Amino acid sequence: MNKFFKIFSFNSLVVPLVAILFGLIVGAIIMLIGGYNPLLAYSSLFSTVFGNLYDFGEAIREITPLIMTGLAVAFAFRTGLFNIGAEGQYIIGMTAASVVGIKVTGLPIVVHAVVAIIAGGVAGGLWAGITGYLKAKRGVNEVIISIMLNWTALYFSNYIVRNFLLIKGQQRSEDIQDTASISIGWLSTMFSDARMHWGTLIAVLAAVFFYIFMWKSKQGYELRAVGHNGDAAKYAGMNVKKNIIKAMFISGVFAGLGGAFQVLGVFHNQALFTGSPGVGFDGIAVALIGMNHPFGILLSAILFGTLTYGSAGMSFGADVPPEIIRIVIGSIIFFIAAQGIVRWVLKPFYLKRKKEKVL
Amino acid sequence: MKKIVKLSLVTVLAFSVVLAGCGKKEDTNASGGDVAKSSVKVGLVTDVGGVNDKSFNQSAWEALEGLQKNKGITAKYLQSKSKEDYVPNLNKYVKDKYDLTWGIGFDLGEDIKTVAKQNPDAKLAIIDAIVDEPNVHSVTFAENEGAFLVGVVAGSMTKTNKVGFVGGAEIPVIKRFEVGFKAGVLAANPKAEVTINYAGAFDKPDQGKALAASLYNAGNDILFHASGQTGTGVFNEAIDRNKSGKKVWVIGVDKDQSLEFGDDVTLTSMVKGVSTAVDKITNEVIDGTFKGGSETLGLKENGVGLADTSSKNVPEDVLKKVEDYKQKIISGEIKVPTE
């Protein structure tokens, strides 16, 4: 247990918490300027999410993909790569899961779902692998490739849905086979029809896997070493190129799984995208707020999902436009990035404490 | 000095924590107050276009705003950021025991059906899609008939004999606009050429602008758009071109868009009676006569037609021609295709 708390050292716990508080204050100030009541707004935000089981369940639904894309971005960060392409990998994961969920028939109930999930994860991983390969072998900047691949993924999956899966006259694919569904019927009933699915559990397990793999395994050590200093890692006899590709692949698997859960557990079909869903980009923010630590990401995804989902309640209860919540999230990220401000404000507390010790 | 700043920041922090505590108390009061209100509560869920789309979401909301003012009902709207939001947004009203929940747009059809099935006691209504549930009232429009009339206007007034159509997405609703428009243009001007283009989205003004630019460049001088907010881009492109001295027109959709974008670019608008329909069905709930089912509003029912301000830009003889066609469609002499 002690070890568990050690993970949350001063910097990794207090700074985000204060940043969150500051973010909420900035949001409140902006609401005041706009003539809204920030107290009513925030209380209706939280009472929306925690007020009844349905909304609580739907908030969990909102949180799940954010955990996955957050992990994806953080995993790459930890290995010195900026995977801004989680969005594309997420979309590809969705599409692969749809194809397997719709077109593959005759598989028994659990097997089909597992196959579809794996297909989504692997497809996302391969998609990110393209970026990793080009980075490793050709030295192309991963940021640029993965951004471009986001759009490629968007239109590619629209092409697949439009040509192979579409219901005529609709903007969406056929429904997936019942055998591929990962919805949990009894849990949904318990949460008054909120869309609950197994993906949430897998997402938590994925965070645990992230932690163990990154810090407790030799491969994880190599990945981190490559991230810290590629040249040193190479000198130590590690295969830098292989590690870059591996890191991108695993990162992509996380994002791809997130997409697969969305299709198999929430929508049960795939609509044509009119624009990027944005979950992958939100994952960057989640990773930043979570300080790139898997357990931090669990918490920050909960925060991010709560705020996003609750923003509808905020406009419902206090007539505050939901965009305000984006300002809050933006300022939280700002304060986390600009840690100096947070430390500077907190300094008096620590000075005092030191003095007390001296006395 | 520094210390003061620091201290004040710390106080703000502490203050906000205290305030946050107060917030909860207030909330219980507020929800207690809500119960006391006895009048009809109506909720509206927009599609991803949002309530300020200057198009049909806005028309629908304006109808509810009107009822709020005149009949004292409580009306609220929720905008959907993405497709995931439809079900929770609808449910927010349904679980809060609203007397009627509106879903605006074809896109919400499936989700209205889901929610209606799960909550057989709730009353729901939808525009532009047919949902076959006993507690849902579906309103669709014969857009093809209205589009035919603006097609007649475009066909009669084009100088280049080339007109274009910008659609949001290839769904049945928009398809009705497209084929009706085309039929109307060709009826009035068999030599005219109609170019069809789809933006693939209802919320992408930038794409609308790009599409409009390429259509105008190809020599089309009148564009008809049926693309929600994407159409804002079409209008902007036309405004830019008119400013640089090249006269082009846009035909608006859903509501009288000349009020929004000006008479200089808006030739006319094909008005869809979304407002009227929302008003009517909501009134049925107020009067207690609400029934599930579906209805299609066409020219005969005054559900579609030309905007009242059309006479500003459309000459008398063309309007007369339009009126002729209108009578013929109503009498059934002309059958406007739907797909």
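Being a predicted model, the structure only gives us computed values, none of them experimental.

Novice: When you look at the interface of chain A and chain B in this model, what are you seeing that I'm missing?
Specialist: When the parts come together, some accessible area is lost, and that loss is often what is quoted as the size of the interface. With 40 residues of chain A at the contact, the number on the chain B side is 39 residues. Roughly 3,400 Å² is buried in total at the junction of chain A and chain B, and carbon and sulfur atoms are behind 63% of that figure. Three residues, Thr274(A), Phe316(A) and Trp344(A), lead the burial of chain A against chain B; their summed loss comes to 20% of the area buried on that side. Residues Arg172(A) and Glu110(B) are paired through a salt bridge, measuring 3.3 Å at the closest nitrogen-oxygen approach. On inspection of chain A and its partner chain B, the count reaches six residue pairs in polar contact (both at pLDDT 80 or more). Secondary-structure elements contributing two or more residues to the side of chain A that touches chain B are helix H2 (10-33), helix H3 (38-51), helix H4 (53-78), helix H12 (240-267), helix H14 (294-318) and helix H16 (339-358) of chain A. For the side of chain A that touches chain B, the element with the most residues is H14(A), which contributes seven residues. Of the residues in the side of chain A that touches chain B, the class split is 18 nonpolar, 15 polar and seven charged.

Novice: Can you walk me through unusual backbone geometry in this structure?
Specialist: The phi torsion of most residues other than glycine is negative, and most of the peptide bonds are trans. All names here are of chain A. The phi angle at Ser192 is positive, at roughly 35 degrees, despite the residue not being glycine. Mapped onto the secondary structure, Ser192 falls in the loop between helix H8 (185-190) and helix H9 (199-216). Take Ser192: its relative accessible area is 28%, and that puts it in the partly exposed class. With a phi close to 60 degrees, Asn292 is a non-glycine residue in the positive phi region. Secondary-structure assignment places Asn292 in the loop between helix H13 (279-289) and H14. Looking at Asn292, the relative accessible area reads 18%, which means it is buried.

Novice: Where do I start with the UniProt feature "transmembrane region" (unreviewed entry) in chain A in this structure?
Specialist: Residues and elements named next belong to chain A. Within this structure's numbering, the places UniProt gives as "transmembrane region" (unreviewed entry) are residues 12-33, 63-86, 106-128, 140-161, 196-214, 244-265, 297-318 and 324-346. Along residues 140-161 the backbone is 91% helical and 0% strand, and the end-to-end C-alpha distance reaches 30 Å. Span residues 244-265 is 100% helix and 0% strand, its end C-alpha atoms 31 Å apart.

Novice: In this structure, what is going on with the packing of H14(A) against helix H15 (residues 323-337) of chain A? I would like to understand it.
Specialist: Each pair of packed helices gets described by two things: the angle between the helix axes and the distance between those axes. All names here are of chain A. At a minimum axis distance of 9 Å, the contact between H14 and H15 shows a crossing angle of 155 degrees. Between H14 and H15, the angle falls in the class roughly antiparallel. The crossing of H14 and H15 is right-handed. In this structure, H14 contributes Leu303, Phe304, Leu307, Thr308, Ser311 and Met314 to the contact, and H15 contributes Ile324, Ile325, Arg326, Val328, Ile329 and Ile332. Of the residues in the contact of H14 with H15, the class split is nine nonpolar, two polar and one charged.

Novice: Even after reading the chapter, I still don't get the domain arrangement of chain B, so can you show me in this structure?
Specialist: All names here are of chain B. Segmentation of chain B into domains returns domain 1 (2-7 + 143-272 + 304-331) and domain 2 (41-142 + 274-297). One C-alpha centre belongs to domain 1, the other to domain 2, and the line joining them spans 26 Å. With 19 residues of domain 1 at the contact, the number on the domain 2 side is 17 residues. With both sides pooled, the region where domain 1 packs onto domain 2 buries about 1,500 Å², and carbon together with sulfur makes up 54% of that total. The largest share of the area that domain 1 buries against domain 2 comes from Gln229, Lys255 and Lys272, three residues that together contribute 34% of it. In this assembly, domain 1 and domain 2 are joined by two salt bridges. One salt bridge connects Glu62 with Lys255, and the closest N-O pair in it is separated by 3.3 Å. At the junction of domain 1 with domain 2, the criterion picks out seven residue pairs in polar contact (both at pLDDT 80 or more).

Analysis parameters
- Residues numbered from 1 in each chain as written.
- Chains lettered and ligands numbered in written order.
- Predicted model: local features only at pLDDT ≥ 70, side-chain atom pairs only at ≥ 80, totals over all residues.
- Heavy atoms only, no water.
- Contact = heavy atoms within 4.5 Å.
- Buried area = accessible area lost by both parts, 1.4 Å probe.
- Salt bridge = Lys/Arg side-chain N within 4 Å of Asp/Glu carboxyl O.
- Polar contact = N/O pair within 3.5 Å; in protein donor to acceptor, adjacent residues only side chain to side chain.
- Helix = DSSP H or I, 4+ residues; strand = E, 2+ residues; numbered from the N terminus.
- Nonpolar A, V, L, I, M, F, W, Y, C, P; charged D, E, K, R; others polar.
- Buried < 20%, exposed > 50% of the residue type's maximum accessible area, 1.4 Å probe, protein only.
- UniProt positions renumbered as here; feature names shortened; annotations may be inferred.
- Axes fitted to C-alpha atoms, helices over the stretch in contact; angles between N-to-C directions.
- Parallel < 35°, antiparallel > 145°, perpendicular 65-115°, else oblique.
- Left-handed = near helix turned anticlockwise from the far one by under 90°.
- Domains from an automatic or database assignment.

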